[in-house]
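Coordinates in review
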Amino acid sequence: MSSNTPAKYPPKNTVPFLKVLTGVFRFVENPIPIINDALEQYGSTYYTRIVGGRRVIMTVDPDVVQHVLQKNHRNYYKSELQSKSLGRYIGNGLLTSNGTYWLKQRRLIQPGFHKSRMSGLVDIMNLEIRAYCEDLASRIAQESTLDVSHEMMEMTLRVVSKALFSTGISYEKIKELGNNFTELQIQIVREVRQPFLNWWRKLSGKRARTLALADETKQIVRDIIAARKTSTHDFDDLLDMLLKTRYEDDGQSMNDGQVLDEAIILFTAGHETTANALTWMLYLLDANRDVLERLRSECGQLKTGNPGMRDLAGLTYTTHVIRESLRLYPPAWILDRVALDDDLVKDIRINKGDMVGLFVYGTHHNSDLWSDPEKFNPDRFDVQYSKDRHPYAFYPFGGGPRLCIGHHFAMLEMQLALFHLLRYFDFKVVPGHPVALQPLITLRPKYGMRMNIGPIAAN
């Protein structure tokens with residue numbers, strides 16, 4: 001908005017750069033406490049700078065969030081931290097692209113995630129989650145104490161692999177892909193939070209090794225795509241959708257590189273976020289046994305072992321539990337955007353080139369927006385309590401035109417996972433096990449989540 005005069009001097013709510021420098025290594029380890037401290041001292045929206053000089057406007061104000069993600073979204077792109085740092089390793093797909101190319105890809109792929117197409121994917125989810133539960137039942141007969149964060153990663157890897165590829169990928173390759181993406185995420189976060197060391201990563205060969213790992217990962221998916229293109233069979237999966245969909249303007253399909261990029265993005269986003277969300281849910285349910293029993297009671301009312309779309313639509317309390325867990329532990333704990341032009345929202349001046357940090361975790365824990373925000377209370381999502389809530393007080397899947405394309409898929413998967421897991425197993429955190437946040441690209445439990453898993457009678 002060129003009519004706005006850019007801010008030339010640091011506003012009062014600015015974190016001194018010396019304070020930024022002295023806290024840089026703590027920020028690398030865990031940014032959340034540092035951001036929370038700054039919010040406490042400087043208010044719900046404050047200014048700071050990242051090492052390298054760019055000004056950052058960090059906010060938990062839902063009005064500002066809505067302005068950036070929805071009302072004036074055309075003025076904001078995803079930052080280079082996402083489009084380049086992340087894109088360097090996982091490709092130029094929906095998650096990492098910007099502008100007209102992103103819009104073209106979004107319009108192309110969106111129909112594949114409409115609710116009308118989810119029925120077939122729900123069948124796949126049911127089969128894979130039940131198969132995982134059978135495997136888990138046999139394993140806990142030998143060892144009942146497991147790291148549930150690893151377990152949920154394995155389960156969601158199975159689900160997204162079959163939903164995306166259906167056939168053509170072995171269990172060994174599924175695990176290899178999962179391990180590779182975990183290592184890539186760690187390296188990407190280090191590059192983003194310590195950009196001043198990127199010269200050393202290049203010189204030491206660390207970046208080259210990470211790129212080689214990314215190429216190895218992509219080759220697995222390339223081989224699956226190549227095999228699929230020679231097949232004469234039809235497949236009701238997301239890869240089939242990517243290969244067969246056509247652009248409206250010229251009727252052409254995506255080239256092999258585009259299909260690869262989008263498949264990698266869907267695979268990455270489709271298992272990591274859901275696995276972390278489910279891990280935190282099981283942790284919260286163990287700590288809140290009254291909620292657990294109420295949840296089991298609702299799920300037990302279903303007269304089927306394989307819930308369909310209509311069955312899942314009736315699991316109202318289950319949905320509240322999922323949403324409340326996503327509020328307390330949002331997998332996408334922060335989003336960022338860069339201003340393409342000067343802008344003004346409320347009394348906050350945003351200059352061209354400024355980065356806006358949308359602190360999802362902080363908004364979800366904001367006592368101005370939520371009563372008793374640290375309490376796990378699924379009933380707060382009942383319509384009678386939530387109807388007057390700001391639409392951007394809760395945004396675990398983002399918002400505006402860039403709302404996560406797979407959010408329906410994720411919600412269905414989490415409903416089915418809770419239905420099947422809690423029908424057969426009881427999860428209890430190992431006494432004394434440390435629980436702490438590890439905010440990488442997604443919000444993980446730093447020390448995993450060691451739980452005692454015991455069988456229960458099926459309903």
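All values derive from a computational prediction rather than experimental measurement. (Residues numbered from 1 in each chain as written. Predicted model: local features only at pLDDT ≥ 70, side-chain atom pairs only at ≥ 80, totals over all residues. Heavy atoms only, no water.)

**What about the packing of aromatic side chains?**
- Tallied over the full model, the rule gives 11 aromatic pairs.
- With a centroid separation of 6.2 Å and 50° between ring planes, the pair formed by Tyr-392 and Tyr-395 is classed as tilted.
- Assessed through its relative accessible area of 7%, Tyr-392 is described here as buried.
- Its relative accessible area of 2% is what places Tyr-395 among the buried residues.
- Judged by centre distance (6.3 Å) and plane angle (65°), the rings of Phe-425 and Phe-427 are edge-to-face. The pair formed by Phe-425 and Phe-427 is uniform in burial state, with each residue classed as buried.
- Chaining the aromatic ring pairs together yields one cluster made of Trp-280, Tyr-283 and Tyr-329.
- Arg-327 extends its terminal NZ or CZ atom over the ring of Trp-370, reaching a point 5.1 Å from the ring centre.
- The ring centre of Phe-381 lies 5.4 Å from the NZ or CZ of Arg-389, which sits over that ring. (Phe/Tyr/Trp six-rings, centres within 6.5 Å; stacked < 30°, edge-to-face > 60°. Buried < 20%, exposed > 50% of the residue type's maximum accessible area, 1.4 Å probe, protein only. Lys NZ or Arg CZ within 6 Å of the ring centre and 35° of its normal.)

**Topic: the environment of Ala-38**
- In this structure, Ala-38 sits in helix 3 (residues 31-42).
- The class of Ala-38 is buried, set by a relative accessible area of 8%.
- Between the alpha carbons of Ala-38 and Pro-401 there is a distance of 30 Å; along the sequence they are 363 residues apart.
- In this view, Ala-38 contacts Val-15, Gly-43 and Tyr-46; residues no more than four positions away in its chain are not counted. (Helix = DSSP H or I, 4+ residues; strand = E, 2+ residues; numbered from the N terminus. Contact = heavy atoms within 4.5 Å.)

**Points about the side chain of Asp-426**
- Mapped onto the elements, Asp-426 comes out in strand 9 (residues 425-429).
- Here Asp-426 falls in the buried class, since its relative accessible area comes to 14%.
- Side chain to side chain, Asp-426 and Arg-289 meet in a polar contact 2.8 Å long.
- When residues no more than four places from it in sequence are discounted, the contact partners of Asp-426 are Arg-289, Leu-292, Arg-296, Asn-452, Ile-453, Gly-454 and Ile-456. (Polar contact = N/O pair within 3.5 Å; in protein donor to acceptor, adjacent residues only side chain to side chain.)

**So, the pattern of salt bridges**
- Within the structure shown, the criterion is met by 19 salt bridges.
- In this structure, the salt-bridge partner of Arg-55 is Asp-354, at a minimum N-O distance of 2.6 Å. Linking Arg-55 in strand 2 (residues 55-59) with Asp-354 in the loop between strand 7 (348-350) and strand 8 (355-358), this pair joins segments that are 299 residues apart in sequence.
- A residue is classified by how much of its surface remains accessible, and Arg-55, at 10% relative accessible area, is buried.
- Assessed through its relative accessible area of 5%, Asp-354 is described here as buried. (Salt bridge = Lys/Arg side-chain N within 4 Å of Asp/Glu carboxyl O.)

**Focus on the sheet that holds strand 5 (residues 335-339)**
- Across the sheet, which stays open at both edges, the 5 strands sit in the order 1-2-8-5-3 with mixed pairing between neighbours. Unpaired on one side and paired on the other, strand 1 (45-49) and strand 3 (76-77) mark the two borders of the sheet.
- For strand 2 and strand 8, the ladder comprises 4 bridges, and the chain directions are parallel. Bridge pairing links Met-58 to Gly-357 in strand 8.
- This element, helix 3, spans strand 1 and strand 2 of the sheet and lies at about 125° to strand 1.
- Here helix 4 (residues 62-71) sits on the sheet and contacts strand 1, strand 2, strand 3, strand 5 and strand 8; the angle it forms with strand 8, its principal contact strand, is near 120°. (Pairing = 2+ DSSP bridges. Axes fitted to C-alpha atoms, helices over the stretch in contact; angles between N-to-C directions.)

**Here's the deal with the packing of helix 14 (residues 289-300) against helix 16 (residues 316-328)**
- Where helix 14 contacts helix 16, the two axes come as close as 8 Å, and the packing angle between them is 140°. By the angle class used here, helix 14 and helix 16 are oblique. For helix 14 against helix 16, the interelement crossing comes out left-handed. Facing Val-291, Arg-294, Leu-295, Glu-298 and Cys-299 of helix 14, the residues of helix 16 in contact are Thr-316, Tyr-317, Thr-318 and Val-321.
- Its residues assigned to classes, the contact of helix 14 with helix 16 shows 5 nonpolar, 2 polar and 2 charged. (Parallel < 35°, antiparallel > 145°, perpendicular 65-115°, else oblique. Left-handed = near helix turned anticlockwise from the far one by under 90°. Nonpolar A, V, L, I, M, F, W, Y, C, P; charged D, E, K, R; others polar.)

**Description of the nonpolar core**
- Ranked by internal contacts, the top residues of the largest apolar core, which has 116 residues, are Met-152, Leu-285, Phe-359, Met-414, Leu-421 and Phe-427.
- Ranked by residue count, the leading element in this core is helix 13 (residues 256-287), at 15 residues.
- In this structure Phe-427 touches Val-148, Leu-282, Asp-286, Arg-289, Leu-421, Leu-422, Met-451, Asn-452 and Ile-453, once residues within four positions along its chain are discounted.
- Formed by 17 residues, the second largest nonpolar core is a distinct cluster that contains Ala-339, Val-345, Ile-348 and Tyr-392. (Core = buried A, V, L, I, M, F, W, Y, C linked by side-chain atoms within 4.5 Å.)

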